[in-house]
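An overview of the molecular structure
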Amino acid sequence: MDELEKTIRTTLSDTDKFDAAKAENLRKEIVQMFEDKLKKVYRYAWLCLIICVAAGGVAGACFGVSASLGSTWGMIASAVIFMGAGQSMVTIKLWYWIMNNKLNVLREVKQLQLQIAELAGKNPPSEN
């Protein structure tokens, strides 16, 4: 463990090149980058949900038409498409939840890394 602590201490002791204003700008850029990524994921999830709802609506309408005409295969196909659309919506919602959490955790980790670098730049390590 002593070697690891020495490596960390020597890495953080290179504070001559640290600029607090640059770190603040970098922090803002990172937050903006993750917000942009999250917006893209949000739009993609909504687009897929709209497609699934439309497919489910069409399948439901076809099911009603098939039932009135007495077409068994049409009813089965419509029911399968309707159920597939419902399951696709659940899958998309789960995907969005996972991506949202992933991007939020990554954003927090990057902010912590910048805060550690900033603190290391303000308080040089002791020589004990």
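Report follows, based on the coordinates. (Residues numbered from 1 in each chain as written. Predicted model: local features only at pLDDT ≥ 70, side-chain atom pairs only at ≥ 80, totals over all residues. Heavy atoms only, no water.)

**Let's talk about the overall build of the protein chain**
Helix and strand content of the protein chain: three helices and zero strands. Overall, the protein chain shows an N-to-C arrangement of helices and strands of α-α-α. Looking at the protein chain as a whole, 20% of its 128 residues are labelled buried. When the accessible surface of the protein chain is totalled, it reaches about 9800 Å², and 65% of it is carbon and sulfur. (Helix = DSSP H or I, 4+ residues; strand = E, 2+ residues; numbered from the N terminus. Buried < 20%, exposed > 50% of the residue type's maximum accessible area, 1.4 Å probe, protein only. Areas by Shrake-Rupley, 256 points an atom, 1.4 Å probe, with all protein chains shown as cover.)

**A look at a nonpolar patch on the surface**
A grouping of Val-90, Leu-94, Trp-97 and Ile-98 is seen on the molecular surface, where their side chains present a nonpolar patch of about 420 Å² in accessible area. Within the secondary structure, Trp-97 is located in helix H3 (residues 72-122). With a relative accessible area of 53%, Trp-97 lands in the exposed category. (Patch = residues over 30% accessible without salt bridge, like charges linked within 9 Å, V, L, I, M, F, W, Y side chains within 5 Å. Salt bridge = Lys/Arg side-chain N within 4 Å of Asp/Glu carboxyl O.)

**As for the nonpolar core**
General note: in soluble globular proteins, nonpolar side chains tend to be found buried as a group. By size, the foremost hydrophobic cluster in this structure holds six residues: Ile-30, Phe-34, Val-41, Met-99, Leu-103 and Leu-114. For this core, the secondary structure elements donating two or more residues are helix H2 (20-69) and H3. Beyond its immediate stretch of four places on either side in the chain, Ile-30 contacts Lys-110 and Leu-114. Membership of the second largest hydrophobic core comes to five residues, among which are Cys-48, Leu-49, Cys-52 and Ile-92. (Core = buried A, V, L, I, M, F, W, Y, C linked by side-chain atoms within 4.5 Å. Contact = heavy atoms within 4.5 Å.)

**With respect to the packing of aromatic side chains**
Tallying each qualifying case throughout the model produces three aromatic pairs. With a centroid separation of 6.4 Å and an interplanar angle of 70°, the aromatic rings of Tyr-42 and Trp-46 are classed as edge-to-face. Of this pair, Tyr-42 and Trp-46 both sit in helix H2, separated by four residues, roughly a single helical turn. Classification of Tyr-42 as partly exposed rests on a relative accessible area of 43%. What makes Trp-46 partly exposed here is its relative accessible area of 44%. Between Tyr-44 and Trp-95, the ring centres sit 5.4 Å apart and the planes meet at 70°, which makes this aromatic pair edge-to-face. Taken together, the residues Tyr-44 in helix H2 and Trp-95 in helix H3 connect sequence positions 51 residues apart. On the basis of relative accessible area, Tyr-44 is assigned to the partly exposed category, the value being 47%. Taken together, the aromatic side chains of Tyr-42, Trp-46 and Tyr-96 make up a single cluster linked through ring pairs. (Phe/Tyr/Trp six-rings, centres within 6.5 Å; stacked < 30°, edge-to-face > 60°.)

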